[in-house]
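One-letter residues, chain by chain:
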Amino acid sequence: MSAFQRFRENWVRPALFFGNNPISLVGGAVTTASGVTLIGYWLVELFGHVTDNPYLGIIVFLILPALFLSGLILIPVGVLIRRRTLKKAGRIPAEFPRIDLNDPIFRHGIDIVLVATVANILVVATATYHGASYMDSPQFCGRSCHVMAPEYTAYQISAHSHVACVECHIGTGAKAYFSAKVNGTKQLIEVSFHPLAPLAPRIIPNYPTPIPSPVSSLRPARYTCEGCHTPTRFDGDKLLVKSSFADDQQNSESQTVLILHLGGEDSFSHRTGIHGVHLGHIEYIATDPTRTSIPWVQRENPDGSETVYAASALNGVQPKGERRVMDCIDCHNRAAHTFVTADEAINRAMADGVISPSLPWIHKEGLQLLKGEYSSQDDAAAKIPQQLEAFYQAQDPDVLSQKPALVKAAGRELVTLYSQNVFPFMKVTWGTHPNHIGHQDYPGCFRCHDGDHVAKNGASITQDCSACHNLLAVEEAKPKVLSDLGIQLPGQ
Ligand code: HEC
Ligand code: HEC
Ligand code: HEC
Ligand code: HEC
Ligand code: HEC
């Protein structure tokens, strides 16, 4: 007997005989179905349909492989059980039934399996394709994964609301895609087990609240932002006008006007201004996980030499910490998810007139209501308008009778501002995610430009106000420069 025949006689025939039991058959069906679904998903991916949706991920990376495996395990389990029962009953045949392709029943059985498999593939591939394209959308991702609510909410009102999450968070290339999947799977496990986590905090993984920032796995901006933005574009100077309101009864309005020297690379290849200078090679070491404390900065000069700017407290010792090449994200860290301060939120809404500056004390009172403690966004939505009315009731009931619509609108807008920036269930509140652009509310540029980062030759990273901007007016009421330039502000 050849080895092949022996294999057939001693293994295949007994396996087919013992395998003919309900447990093994269910196992086979489960394995086939999940296997076919997986193949369908992979085919869809092969044609370039990537998705970072967590729920599809749960199905494809956890549930389907688990089903596939448990089906595979059920097959031998069924075989063993049947063998034991038959052995006990003394009913194991001396010779196992033959595999006979001439047997019409057996042949039809195979036909049915073949047809069913082809149909399965067609159905499943199509379903997966449609499912995947739906789930690929940021809308689905942001909405179905409540953990992302803060980022998704901010994203929807950002300039990037039409840029898919994957464009910045994954970028192009198979390696990036793979590492995103590994990372995503870890997060899925954390999200899926979240309800159980408090029972055994050390064993069951849980997701962190808030989701930590910076995203250490985010790829260099070269592979993400620069797919759309040209860093060397020369932007020249940019005019910035900011309105703010005081805490007095009239909500006195004033404007800050500045010209930012954005620069870039000019037609003579000179790199100037805020964008230009940092395009060269700048590396830094951050000594805290949020990249706020940056005591050591190294710049590669145009002639190839290097200058180290170190905080005086270091006494010449290079600190330990994350070493990173500076790119867009070191300034634009909130490009798609800008959370503003409560003051900025209400100032903008008042400048736009959505919260009417004609309501007495509205800046002071609104700010206090925004910063209040609420257990959830629903709680805030119920209490803020109520408390605003109660305030006017107590202080100035005429406002309620004369401008009821404006008070209602202000209450509604305060709720909106709160819900765009504070997410109690994720422990995201005012100031949780600092913005590195500027230096007023957070250290931002002054993480390096604090005048204390000094090179060996005594030069320091500049803190000269005019290197970055010309201040044309600082909190001035109706600054003349605006009328000189013919700039009209909303509501004036
Ligand atoms: C324009 C690029 C861009 C797009 C589009 C984008 N993000 Fe981000 N995202 C970022 C940057 C930049 C950070 C902060 C990275 C850092 O500081 O390291 C970030 C951070 C995050 C964080 C970490 C927590 C935090 O708030 O810093 C989460 C979660 C997140 N994004 C989810 C999403 C989701 C969900 C979408 C799609 C709905 C999305 N992002 C779309 C650029 C983007
Ligand atoms: C898929 C294309 C795309 C990618 C990727 C992208 N952007 Fe943008 N970005 C845009 C578009 C389009 C606009 C202009 C939107 C408008 O004018 O309303 C914009 C606007 C901006 C603005 C000005 C508006 C604002 O929010 O202040 C900044 C700054 C910016 N992007 C930075 C970034 C950074 C940083 C990254 C990488 C983390 C990035 N972008 C990735 C397409 C992109
Ligand atoms: C040193 C900090 C810094 C770095 C690095 C940086 N930017 Fe900016 N960028 C700024 C500042 C400051 C502004 C003006 C902000 C404002 O308008 O309030 C700005 C504005 C912009 C704008 C809006 C321009 C306009 O005309 O309104 C875009 C787009 C932009 N940056 C993209 C990028 C991209 C892409 C990169 C990476 C190649 C980058 N920036 C790197 C600081 C930086
Ligand atoms: C990681 C450190 C770091 C951060 C953060 C940083 N810079 Fe710089 N910046 C440097 C270094 C290094 C230089 C080069 C030193 C020099 O020329 O004095 C520089 C130079 C500049 C210059 C040119 C100064 C001159 O004298 O010509 C401008 C303008 C500037 N930065 C603006 C900004 C702005 C605006 C921000 C915040 C949005 C910012 N920088 C954030 C490191 C940083
Ligand atoms: C390293 C660059 C840099 C230096 C140095 C710098 N600033 Fe600024 N400053 C910025 C940027 C960038 C913004 C705009 C932030 C934004 O886009 O909202 C800003 C904004 C401001 C604003 C308006 C802020 C607001 O939100 O109302 C004031 C006021 C201001 N700077 C004052 C100063 C003064 C005074 C100095 C000198 C002691 C100074 N800055 C030095 C980069 C710088």
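Above this note sits the structure.
Throughout what follows, the structure given in this document is the object of discussion.

Parameters and conventions
- Along each chain, the written sequence defines residue order, and numbers are assigned to residues from 1.
- Key to labels: chains lettered from A, ligands numbered from 1, both in the order written.
- Totals for whole chains, interfaces and linings use every residue, but because this is a predicted model, local features are given only for residues with pLDDT of at least 70 and side-chain atom pairs only at 80 or more, for both listing and counting.
- Working from all heavy atoms in the structure, the side-chain values ignore hydrogens and water.
- Throughout, nonpolar core names a set of buried Ala, Val, Leu, Ile, Met, Phe, Trp, Tyr and Cys residues whose side chains join them through atoms within 4.5 Å.
- Here's how the labels work: a residue is buried when its accessible area is under 20% of the maximum for its type, exposed when over 50%, partly exposed in between, all with a 1.4 Å probe on protein chains only.
- Numbering of helices and strands runs from the N terminus, with a helix taken as a DSSP run of H or I at least four residues long and a strand as a DSSP run of E at least two residues long.
- Note on contacts: a residue pair qualifies if any of its non-hydrogen atoms lie within 4.5 Å across the two residues.
- Here a donor is any nitrogen, oxygen or sulfur atom (N, O, S) within 2.8 Å of the metal, with 3.2 Å used for Na, K and Ca; water is not among the atoms considered, so some sites may look incomplete.
- A four-donor site is classed as tetrahedral when every donor-metal-donor angle falls between 85 and 135 degrees; four donors are called square planar, and six octahedral, when trans pairs exceed 155 degrees and all remaining angles lie between 65 and 115, with any other arrangement labelled irregular.
- Any residue with a non-hydrogen atom lying within 4 Å of a molecule or strand is treated as near it.
- Any pair of N or O atoms that falls within 3.5 Å is considered a polar contact. Within protein, one atom must be able to donate a hydrogen and the other to accept it, and sequence-neighbouring residues count only if both atoms are side-chain atoms.
- Side-chain classes are defined by residue name, with Ala, Val, Leu, Ile, Met, Phe, Trp, Tyr, Cys and Pro counting as nonpolar, Asp, Glu, Lys and Arg as charged, and the others, Gly among them, as polar.
- When DSSP locates at least two bridges between a pair of strands, those strands are taken to pair.
- Note on aromatic pairs: the rings of Phe, Tyr and Trp (six-membered ring only in Trp) are paired at centre separations within 6.5 Å, and the planes decide the class, stacked below 30 degrees, edge-to-face beyond 60, tilted for the rest.
- In this scheme, Lys NZ or Arg CZ marks a charge over a ring once it lies within 6 Å of the ring centre and within 35 degrees of the ring normal.

**Observations concerning the nonpolar core**
Ile355, Ile362, Leu370, Ile384, Leu388, Tyr392 and Leu414 are the most contacted members of the largest nonpolar core, which has 30 residues in total. The set of elements that each furnish at least two residues to this core consists of α10 (342-351), α11 (362-370), α12 (377-395), α13 (397-402) and α14 (404-421). With near-sequence residues (within four places) excluded, Ile362 lies in contact with Asn251, Ile346, Met350, Ile355, Ser356, Leu367, Leu388, Tyr392 and Ala410. Ranked by size, the runner-up nonpolar core spans ten residues in total, among them Ala286, Ile294, Val297 and Ala455.

**Focus on the coordination of the iron atom of ligand 2**
Only His160 (NE2) and His229 (NE2) from the protein coordinate the iron atom of ligand 2, and they sit 1.9 Å from it. If you look at the iron atom of ligand 2, its six donor atoms make angles of 87 to 180 degrees with each other, and the shape they trace is octahedral. Of this pair, His160 sits in the loop between α6 (149-156) and α7 (165-169) while His229 sits in the loop between α8 (174-192) and β1 (236-245); the two residues are 69 residues apart in sequence, bridging distant segments of the chain.

**Concerning the site of ligand 4**
As a matter of local geometry, ligand 4 sits amid 19 residues, with His278, Cys445, Cys448, His449 and Ala467 nearest to it. His278 places a side-chain nitrogen or oxygen 2.8 Å from a nitrogen atom of ligand 4. Listing elements by their share of the shell around ligand 4, those giving two or more residues are α9 (273-277), β4 (282-286), β5 (296-300) and α15 (465-468). Broken down by class, the residue content of the shell around ligand 4 amounts to 13 nonpolar, four polar and two charged.

**Comments concerning the site of ligand 5**
Taken together, the neighbourhood of ligand 5 is formed by 18 residues, with Lys242, His439, Cys465, Cys468 and His469 sitting nearest. Residue Lys242 places a side-chain N or O atom 2.7 Å away from an oxygen atom belonging to ligand 5. A distance of 2.7 Å is found between a nitrogen atom of ligand 5 and a side-chain nitrogen or oxygen belonging to His439. When contributions to the shell around ligand 5 are tallied by element, the ones reaching two or more residues are β1, β2 (253-265), α15 and β9 (469-476). For the shell around ligand 5, the element with the highest residue contribution is β2, accounting for three residues. Its residues placed into classes, the shell around ligand 5 shows nine nonpolar, seven polar and two charged.

**Here we look at the sheet that holds strand β7 (residues 322-325)**
Strand order across the open sheet formed by five strands is β7-β4-β5-β6-β8, with antiparallel pairing between neighbours. Across the chains shown, the open sheet's two edge strands, defined by having one partner strand only, are β7 and β8 (453-454). Both β4 and β5 contribute to a ladder of four bridges, which runs antiparallel. Bridged to Glu283 within β5 is Gln298.

**As for the packing of aromatic side chains**
One pass over the full model with this rule turns up five aromatic pairs. Taking 5.1 Å as the distance between ring centres and 70 degrees as the angle between the ring planes, the aromatic pair formed by Phe391 and Tyr392 counts as edge-to-face. Judged by relative accessible area, which is 15%, Phe391 ranks as buried. Just above the ring of Phe17 sits the side chain of Arg82; from NZ or CZ to the centre is 4.5 Å.

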